[in-house]
Amino acid sequence: MTLLNFKFSIKSMKLLICFIGISSLLLLIFCLYSTLNTPEKIIQPLMPSTDQQVISYELLRSQNAALVPEKYNEHEVKTRIIREKIKRLAGDKNAELSTPARRNRTIALNRNIQIFYYAPVAWYKPHPTLASDKLIRLVENGSAVSFRPNDDQVINIAFYPKRKLYNTTETIIRDHFNDIQNCGIGVVILVWQPSFNEGLLMATFKTAAIYNLKIAVEILEYPDRTIESIRNNIKYFMDLFGKDQESTLSYFRVLSKQRNLPIFYVRQAYKINDADWSRLLSRNGMLTIRGTSYDAIILAHIGAKEHKSIVRRGGFDGFYTYLPSNGANYATTWKNWSQLKKFADTYKLLFVPTIGPGYYDRKKYSRNGHLNHGGITNIKRYRSNGQYFDVAWRTALKNNAQLITINSYNNWVDGTQIEAAIPVFGFRDYLPGSPEKYLDLTQSWIEEFVKYKLNSIKLGGKSESSLGCYDFINNTIC
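Residues numbered from 1 in each chain as written. Predicted model: local features only at pLDDT ≥ 70, side-chain atom pairs only at ≥ 80, totals over all residues. Heavy atoms only, no water.

J.: Teacher, can you tell me more about the pattern of salt bridges here?
T.: Oppositely charged side chains can form a pair if their charged atoms are brought close together. In total, this model carries 16 salt bridges according to the counting rule given. Among the ionic pairs, K257 bridges to D295, the shortest N-O distance being 3.1 Å. Residue K257 is located in the loop between β4 (251–254) and β5 (259–266), and its partner D295 is located in the loop between α8 (274–281) and β6 (297–301); the two are separated by 38 residues in the primary sequence. When its relative accessible area of 29% is taken as the criterion, K257 is described as partly exposed. Exposure remark for D295: the relative accessible area of 2% places this residue in the buried category. Note that K462 and D471 form a salt bridge whose closest N and O atoms lie 3.0 Å from each other. Given the relative accessible area of 35%, K462 is considered partly exposed. Each of the salt bridges in this network shares a partner with another, and the network as a whole consists of K257, R259, R290, D295 and D317. (Salt bridge = Lys/Arg side-chain N within 4 Å of Asp/Glu carboxyl O. Helix = DSSP H or I, 4+ residues; strand = E, 2+ residues; numbered from the N terminus. Buried < 20%, exposed > 50% of the residue type's maximum accessible area, 1.4 Å probe, protein only.)

Take a look at the structure:
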């Protein structure tokens, strides 16, 4: 090769390299331009169409679009919310938010779907400063209030209720129970501890009877809670409100005992050791309720994998997961529910999964994790325009749950509520859905729960005499 040819080859290679570099740069610019100018895709909620009153479970199963709510892009969610609010503010400021008419319930109240209910709701940060009084009055009067990052978060809720920051009165309870009944939910789980106002308790049970709702009781952790005090709590409710199927206290027909028994939930049951629980819940325990007039279905709240042994050795009838945050702990993780269901079936226990629309606690001051959620900090879950709720329902159905608990109707402090919320500047909302979005979504899924159970029985060719424990869909358990 001559020197001239060699120089020509080097020059050609340099030109080729320059051409490749310029082409790559242009391609990169084009890709960035295309990404920035592509309109945001809004994921529509899984709602029934106008000509389809019940969502088809088979259709939902055939949809292969998997959703992982924990990886939902927070930036996209915030951007979408800002866009919607800018559009709304740019329009008629005095225009009322349009609220479509609620769908009428088409099925009987279902006792196997139960929802946590809080009374009263704690709207404000404990011990607010005097400087906060003006801010509180502004919000109570419905004035627009914005929160800057360094403001004192006096109001400890992320969403703003349609009924404003209400006090829990008998009138408010009537409104709430009307919502719950219209969804098709048959049992309200009253979150309770001994300091609960007795007048409010009586009003709750009285209103439940008016709306044909039943009340189950969740016993919270409280100072000096012991096996003896829990036994007294159970005795108190059964003496005051029940002992038979016609009472407002929630009774289920237990086939194995041929008796009607009420349901009690125990929050953080794992804080009492299984030997103590055995004294109350085993047939030969010193304080046993088994075989007595105070016998009941006792469900333990569990979180960690090792809590299963407490449930079994302690003599519980089953367990529930409580937190609606997928992945927050072993029990709340959806992919573990099949294991929990298998464990329950093996030892003839009830597996009661807890689902919810999301979890969003806006409080700036630190939460005492040890007292509230066992030290769990990664519990925030975005609603993803209703899809998070849908996937939770779908998972519960897939695992053939007999009882399903919803957390919650009105726990605004933790942001798990399905109660109606409206757009108020400084708070989150359900846009682009209506204020009643999650009430309607709940109603649709309860209809789907009944349909799925009936289809399963029909496809299995089962008769009333051959039904299994998880085939029953109302007021009966094994």
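J.: Explain the state of the cysteines to me, please; I cannot follow it from the model alone.
T.: Simply put, disulfide is the name for a covalent bond between the sulfur atoms of two cysteines. Counted under the stated rule, the structure contains 1 disulfide. Two residues share a disulfide in this structure: C469 and C478, whose sulfurs sit 2.0 Å from each other. On the sign convention where negative means left-handed, the S-S torsion of about -125° between C469 and C478 marks this disulfide as left-handed. For C469, a relative accessible area of 32% corresponds to the partly exposed category. (Disulfide = S-S within 2.5 Å.)

J.: Please clarify how the packing of aromatic side chains should be interpreted in this entry.
T.: Between two aromatic rings, the relevant description is the distance of the centres plus the angle of the planes. Per the counting criterion, the structure on display carries 28 aromatic pairs. Taking 3.6 Å as the distance between ring centres and 10° as the angle between the ring planes, the aromatic pair formed by F205 and F241 counts as stacked. With F205 in helix α6 (residues 198–210) and F241 in helix α7 (residues 227–241), this pair connects stretches of sequence that are 36 residues apart. Note on accessibility: F205 and F241 belong to one class, buried. Measuring from ring centre to ring centre gives 5.2 Å for Y236 and F237, while their planes differ by 80°; the resulting arrangement is edge-to-face. For Y236, a relative accessible area of 32% gives the class partly exposed. Classification of F237 as buried rests on a relative accessible area of 0%. Clustering of aromatic rings is evident, with ring pairs tying together F159, F389, W393, Y430, Y438 and W445. Over the face of the ring belonging to Y360 we find K380, whose NZ or CZ atom lies 4.3 Å from the ring centre. Cation over ring: R383 sits above F159, and NZ or CZ is 4.7 Å from the ring centre. (Phe/Tyr/Trp six-rings, centres within 6.5 Å; stacked < 30°, edge-to-face > 60°. Lys NZ or Arg CZ within 6 Å of the ring centre and 35° of its normal.)

Everything listed here is a matter of geometry and, on its own, says nothing about what the molecule does.
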